[in-house]
Amino acid sequence: MSASPSSPRLEAAASLAGGGLAGASRRSEIAPFIVMDVMERAARIEAAGGHVIHMEVGQPAAPAPSTAREAARRALDHGRIGYTTALGIASLRARIARHYGETYGVEIDPARVVVTTGSSSGFLLTFLAQFEPGDRVAIANPGYPPYRHILTALGCEPVLIETDAASRWVITPEALLEAHRRTPLKGVLVASPANPTGTMMRPEALAELVRTAEGAGIRFISDEIYHGLDYAFPASTAAAISSEATIIHSFSKYFCMTGWRVGWMVMPEGLVRAVERLQQNLMISVPTLSQIAAEAAFDGAAEMEAVKHGYEENRLILTTGLPAAGLPEFLPVDGAFYLYADVSRFTDDSAAFARRLLDEAHVAATPGVDFDPHRGHHYLRLSYAGAPDDMREAVQRIGEFLRKG
């Protein structure tokens, strides 16, 4: 006999389900990635006929290298696109390993290379492989929001280490050890060049931090997705310092392949099998077409260097134009394609300030609270990954907006 909608059995089940089967899990109760909300608001303005200058999202305006696009086209013409092995196409893994020798003079065993669905799945896989629920993982504040959001969803505790001008906005060995003494850390994640700040770690600072972490028994994860986009000095890889460091990289930024969703990791040898098992079950494999295009992207470096020169031009437009427009204070603009501006002269609510800037000046920027829950209400992140003409127009619009008050 079936239970009626009002039966005690169904009421008890609903009670156990927290009031309804549609309720979301506690682990899903993480903050939104605010930049995506800004994009949605900007899209509504554009749908109504407005011209928005997009400085909110870290997405190159240029396409993927022609070599990548041509390789993908040939693969499609050839026919069937099936699964690959979980760790990725062998020739792509070998090409990534070769990249480390060519770029950094570091020999990497291709067996340590894992192809991922962008860097985002790389973070998920490495967190799952290296940490247990309750483990504490240090990250810089300000920092990329999904670091702390993914860790939280997995039951780990993100530990925000405050950075400032004295440290060039990076985690220092002293700050890391101080946090470790309070309650032991299991890991630390750093990025250089960093998002949202654009700042970079000098080679000696990175080496000292890696050695300090390993000496304290803290796993080291290096987010290097903006490598290649360095202007102040060349970026250094943690792979040159320790074979126990985990490197996370992507084809999204330097190679302009955000929508292709392909990246890679260089793992400690002892963790490769664990990541392989996770990838087999969570993703099966990375999209084959994207892997084929990614391997060919390495042959398009000349195109990408031209794109990088465009970013350098944009960087100069902003670093010279914004002070004249009324925004003179920002963090060191070393690399990536971000400028992190101090707007405390104008507001103590960067989210409201960003909404007004978008609604009134049609310039989309990301409020600092997305990256820093403590001091972000005084900052705004501006991406200069677009066209130079858009950057000039943005400076003019921002200046007019600030003068209007």
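Within any chain, residue numbers begin from 1 and follow the written order of that chain's sequence. Predicted model: local features are reported for residues with pLDDT of at least 70 only, side-chain atom pairs are reported and counted for 80 or more only, and whole-chain, interface and lining totals are derived from all residues. With hydrogens and water excluded, all non-hydrogen atoms of the structure serve as input to the side-chain values.

How we decide: UniProt positions are given in the numbering used here, feature names are shortened, and annotations may be inferred rather than shown by experiment.
Under an unreviewed UniProt entry, the name given to the protein chain is aspartate transaminase, and the source organism is Ancylobacter rudongensis. Recorded in UniProt under Catalytic activity (unreviewed entry), the annotation for the protein chain is "L-aspartate + 2-oxoglutarate = oxaloacetate + L-glutamate". In its Cofactor (unreviewed entry) section, the UniProt entry covering the protein chain states "pyridoxal 5'-phosphate".

**Quick notes on the sheet that holds strand 9 (residues 338–342)**
Filter applied, for reference: Each pair of strands is called paired provided DSSP finds at least two bridges between the two strands. Helix and strand labels come from DSSP, where a helix needs a run of H or I of at least four residues and a strand needs a run of E of at least two; each type is numbered from the N terminus.
With antiparallel pairing, 3 strands are arranged side by side in an open sheet as 9-12-11. In this open sheet, the two strands that pair with only one neighbour each are strand 9 and strand 11 (366–367). Where strand 11 and strand 12 (residues 379–383) come together, 2 bridges link them in antiparallel fashion. Its bridge partner lying in strand 12, Thr-366 is registered against Arg-381.

**Some words on the confidence of the model for the protein chain**
Residues shown with low pLDDT carry predicted positions that ought not to be read at fine detail. Note the threshold: Values of pLDDT, ranging from 0 to 100, describe the predictor's confidence in every residue of the model. Only heavy atoms enter the contact rule, under which two residues are in contact if any of them lie within 4.5 Å.
In the predicted model, the protein chain carries a mean pLDDT of 93, and the fraction of residues at 70 or more is 95%. In this model residues 1–17 is a low-confidence stretch, pLDDT under 50, and it forms 8 contacts with partners more than four residues away in sequence or in other chains.

**Some remarks on the nonpolar core**
To keep it simple, the criterion reads: Think of a nonpolar core as a cluster: buried Ala, Val, Leu, Ile, Met, Phe, Trp, Tyr and Cys residues, connected wherever their side-chain atoms sit within 4.5 Å. The cut-offs for exposure are 20% and 50% of the maximum accessible area for each residue type, with area from a 1.4 Å probe on protein chains only; residues under the lower value are buried, those over the upper are exposed, and the others partly exposed. Each domain's extent is set by a domain assignment, obtained either automatically or from a database.
Leu-176, Val-188, Phe-220, Phe-251, Met-257 and Tyr-311 are the most contacted members of the largest nonpolar core, which has 82 residues in total. In terms of residues, this core owes the most to one element, helix 11 (residues 301–325), which gives 7 residues. Viewed by domain, this core spans two of them, domain 1 (30–59 + 302–404) and domain 2 (66–298), each represented by three or more residues. Every residue in contact with Val-188, bar those within four places of it in the chain, is listed here: Val-137, Ala-138, Ile-171, Leu-176, Ala-213, Ile-218, Arg-219, Phe-220 and Ile-221.

**Description of the side chain of Asp-230**
Worth spelling out the cut-off: Within 3.5 Å is the distance limit for a polar contact, defined as a pair of N or O atoms, with the added protein rule that one can donate a hydrogen and the other accept it, and that residues adjacent in sequence qualify only through two side-chain atoms.
Topologically, Asp-230 is positioned in the loop between strand 6 (219–223) and strand 7 (246–250). A distance of 2.8 Å separates the side chain of Asp-230 from the backbone nitrogen of Ala-235, its partner in a polar contact. Looking at Asp-230, its side chain comes within polar contact range of the side chain of Lys-308, at 3.0 Å. Non-local contacts of Asp-230, meaning those with residues more than four positions away in its chain, are made with Met-200, Ala-235, Lys-308, Asp-334 and Gly-335.

**Here we look at the pattern of salt bridges**
This is how it is decided: By definition, a salt bridge exists where a carboxyl oxygen of Asp or Glu is found within 4 Å of a side-chain nitrogen of Lys or Arg.
Enumeration according to the criterion identifies 16 salt bridges in this entry. Of the charged contacts in the structure, one is a salt bridge between Glu-178 and Arg-182, with a shortest N-O distance of 3.4 Å. Here Arg-182 and Glu-178 lie together in helix 7 (residues 173–182), a separation of 4 residues that amounts to about one turn. Accessibility expressed as a relative area gives 55% for Arg-182, which makes it exposed.

**Topic: the packing of aromatic side chains**
Cut-off, in case you're wondering: Here a Phe, Tyr or Trp ring, Trp counted by its six-membered ring, pairs with any other such ring whose centre lies within 6.5 Å, and the pair is stacked when the planes are under 30 degrees apart, edge-to-face when over 60, and tilted otherwise.
All told, the structure shown has 20 aromatic pairs when counted by the stated rule. Summarising the aromatic geometry, the rings of Phe-123 and Tyr-147 are spaced 5.3 Å apart at their centres and angled 75 degrees between planes, so their arrangement reads as edge-to-face. With Phe-123 in helix 5 (residues 118–130) and Tyr-147 in helix 6 (residues 145–153), this pair connects stretches of sequence that are 24 residues apart. The class for Phe-123 is buried, based on a relative accessible area of 1%. For Tyr-147, a relative accessible area of 5% translates into the label buried. Each ring, one from Phe-353 and one from Phe-401, has its centre 5.5 Å from the other, and the planes form 75 degrees; the classification is edge-to-face. You can see Phe-353 sitting in helix 12 (residues 350–361) and its partner Phe-401 sitting in helix 13 (residues 388–404), a full 48 residues away along the chain. Judged by relative accessible area, Phe-353 falls into the buried class, the value being 6%. Taking relative accessible area as the criterion, Phe-401 reaches 3% and is therefore assigned buried.

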